[in-house]
Amino acid sequence: MNQSTGYPLSPTIVHLKRKKQIDSLRVFIKDVREIHAGEYHVFFCSGNRELTLKIQLPSDFPTQKPLIWINPVIQHNWVTDNGRIMSPGLVNYSEHSDLGQIVHSIVREMKKLPEIKSYPNGERSGSETFPSASQQLSQQQYVPIPPFIPELESLSKNQIKNLSEHEDILHQFVDELPQAEAVATDVKNHLDNVEKIARNIGDLKKTLTNKRQLILQHYERLNELKLEWDSSSTQHHNLSQCYLPNNIEFFFNMLQESLRQAATLADEKSEEMAEVFLSGQMDVDTFLSSYTASRTESHIRKTKEEILHKQLQELQRLGY
């Protein structure tokens, strides 16, 4: 319907006006590509950025204004959060507006953007702020829902009224929206991811339990080894005390005294054997065998005692 007269335009007139607007777009913009009927892409560079304008023409264009998005989304007062362009030419659009001039003004404005700075070795200015890790994760995880739905804006008033009056038709319309399908897919992917994480957590709990049990076993073994170490350390300390320089003389004196007593006992034993032999209570062979062994033992112990005595004197001479 013609907004100025209130009367519907004939299909031929609408087609001609539509073609005229598209031709104007091709005149003002060199790099225009028709993706499919009613959708055109404009490619241009702004500084060191490569930007794309997505132009969607409703079925009753040019009576209804075109819808334009920019990709990637940039920070600009003409650009909404989901990347839709809301330039003055689009806000004040009428069927007499020129599509080529509107797009040309958008491209000219976007080319004024400053270049994205690059820093050597990944260094960045301390005055710049960047999104946190949680913000980046949030941006990656959820499909943005645009505030403007092209499929809805392209409907006639009667179609919109029909949607508002019939809930089942409205639900079907919403389910068939690309945004709704994207959200449903995104939700399904997140559910699958949550299930996968839950399974991984279950496996990690089992591993953690096994590791905890192994640590307890090692801890018990450590306590056993510690007790063994304490016992061995005490024994080593006691033995080392015996061989300290201050204790060597005491040790030698004890050993010398022990050998002297043993030699004395051997002498007494041999004298007792001689008395028994002289009294006629022991034959010659037994006496010789026993007496000789006893005297030999006495002689050996006395010899050892003399050697220890000399060693002790040498240690004393050396200052021990």
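Residues numbered from 1 in each chain as written. Predicted model: local features only at pLDDT ≥ 70, side-chain atom pairs only at ≥ 80, totals over all residues. Heavy atoms only, no water.

**Observations regarding the overall build of the chain**
Counted only if it meets this: Runs of H or I in DSSP of at least four residues are treated as helices and runs of E of at least two as strands, each being numbered from the N terminus. Whether a residue is buried, partly exposed or exposed follows from its accessible area with a 1.4 Å probe, protein chains only, as a fraction of its type maximum: under 20%, in between, or over 50%, in that order. Residue burial considers only the protein chains on display, and all accessible areas are found by Shrake-Rupley using a 1.4 Å probe.
Helix and strand counts for the chain stand at ten helices and four strands. Tracing the chain from N to C terminus, the helices and strands come up as α-β-β-β-β-α-α-α-α-α-α-α-α-α. Each of the 320 residues in the chain was classed as buried or not, and the buried ones make up 23%. As presented, the chain carries roughly 23300 Å² of accessible surface, and 56% of it is formed by carbon and sulfur atoms.

**Describing the packing of aromatic side chains**
Our working definition: Only Phe, Tyr and Trp rings are paired, with Trp represented by its six-membered ring, and only when their centres lie within 6.5 Å; those with planes under 30 degrees apart are stacked, over 60 edge-to-face, the remainder tilted.
Following the criterion strictly, the structure yields two aromatic pairs and no others. The interplanar angle of 15° and the centroid separation of 4.2 Å between the aromatic rings of F277 and F287 together place this pair among those described as stacked. With F277 in helix α9 (residues 245-278) and F287 in helix α10 (residues 284-318), this pair connects stretches of sequence that are ten residues apart. For F277, a relative accessible area of 26% puts it in the partly exposed group. Note on F287 and Y291: the rings are 5.1 Å apart at their centroids and 25° apart in plane angle, and the pair reads as stacked. With F287 and Y291 both in helix α10 and four residues apart, the pair spans about one turn of that helix.

**Overview of the sheet that holds strand β4 (residues 67-71)**
What counts, and what does not: Only when DSSP finds a minimum of two bridges between them are two strands counted as paired. Fitted lines through C-alpha atoms serve as axes, helices being fitted only where they are in contact, and the angles separating the N-to-C directions of these axes extend from 0 to 180 degrees.
Read from one edge of the open sheet, four strands run β1-β2-β3-β4, paired in antiparallel fashion. Two strands in the sheet have a free side with no partner beyond their single neighbour: β1 (32-36) and β4. On average, each strand axis in the sheet is tilted by 25° relative to the strand beside it, whichever way the strands run. Pairing between strand β2 (residues 39-46) and strand β3 (residues 49-56): eight bridges, direction antiparallel. Paired with S46 across the bridge in β3 is R49.

**Considerations on the packing of helix α6 (residues 157-165) against helix α7 (residues 167-175)**
Our working rule: For classification purposes, angles smaller than 35 degrees are called roughly parallel, those larger than 145 roughly antiparallel, those between 65 and 115 roughly perpendicular, and all remaining angles oblique. Whether two residues touch is decided by their heavy atoms; if any such pair falls within 4.5 Å, the residues are in contact. Side-chain classes follow a simple rule in which Ala, Val, Leu, Ile, Met, Phe, Trp, Tyr, Cys and Pro form the nonpolar group, Asp, Glu, Lys and Arg form the charged group, and the remainder, Gly included, forms the polar group.
Two elements in contact, α6 and α7, have axes separated by 5 Å at closest approach and are oriented at 110°. With respect to α7, the axis of α6 lies roughly perpendicular. Across from N162, L163 and E165 in α6, the residues of α7 making contact are E167, I169, L170 and F173. Here the residues of the contact of α6 with α7 sort into four nonpolar, one polar and two charged.

**Looking at the nonpolar core**
General note: in soluble globular proteins, nonpolar side chains tend to be found buried as a group. Quick note on the threshold: Put simply, buried Ala, Val, Leu, Ile, Met, Phe, Trp, Tyr and Cys residues joined by side-chain atoms within 4.5 Å make one nonpolar core.
Grouped together as the largest cluster of nonpolar side chains are 27 residues, with contacts concentrated most on V42, L53, V103, I106 and M110. Listing elements by their share of this core, those giving two or more residues are α1 (11-28), β2, β3, β4 and α3 (99-110). Looking at this core element by element, the count peaks at six residues for α3. Setting aside residues up to four positions removed in sequence, L53 forms contacts with Y40, H41, V42, F44, I68, W69, I70, I85, V103, I106 and V107.

**As for a negative patch on the surface**
The line we're drawing: Like charges within 9 Å and nonpolar side chains (Val, Leu, Ile, Met, Phe, Trp, Tyr) within 5 Å are joined into patches, using only residues over 30% in relative accessible area that form no salt bridge. Each reported salt bridge corresponds to a side-chain nitrogen of Lys or Arg within 4 Å of a carboxyl oxygen of Asp or Glu. Neither His nor the chain ends contribute to the count of charged residues, in which Lys and Arg are positive and Asp and Glu negative. Charge coordinates come from a single atom per side chain, which is NZ of Lys, CZ of Arg, CG of Asp or CD of Glu.
Residues E268, E271, E272 and E275 make up a contiguous surface patch of negative charge. We classify E275 as exposed; its relative accessible area is 57%.

**A closer look at the side chain of S270**
As for its position among the elements, S270 is in helix α9. By relative accessible area, S270 is classed as buried at 0%. Ignoring any residue separated from it by four or fewer positions in sequence, one finds S270 in contact with Y291, S294 and R295.

**Quick notes on unusual backbone geometry**
Residues apart from glycine generally show negative phi values, whereas peptide bonds are mostly found in trans. Each neighbour pair has its own omega, and for F61 with P62 the value is 15°, a cis peptide bond. Look at the link from N71 to P72: it is a cis peptide, with omega at 0°. By secondary structure assignment, the location of P72 is in the loop between β4 and α2 (88-91).

**Considering the environment of I70**
With respect to the secondary-structure elements, I70 resides in strand β4. A relative accessible area of 3% places I70 in the buried class. For I70 and M110, which are 40 residues apart along the polypeptide, the C-alpha to C-alpha distance reads 9.7 Å. Residue contacts for I70: discarding those within four places in its chain leaves L51, T52, L53, V79, G83, I85 and M110.

**With respect to the pattern of salt bridges**
Scanning the model with the defined rule gives ten salt bridges in all. Note that D23 and K19 form a salt bridge whose closest N and O atoms lie 3.1 Å from each other. Of this pair, D23 and K19 are both found in helix α1, four residues apart, which corresponds to roughly one turn of the helix. For E297, the salt bridge is made with R301, and the minimal N-O distance between the two is 2.3 Å. With E297 and R301 both in helix α10 and four residues apart, the pair spans about one turn of that helix.

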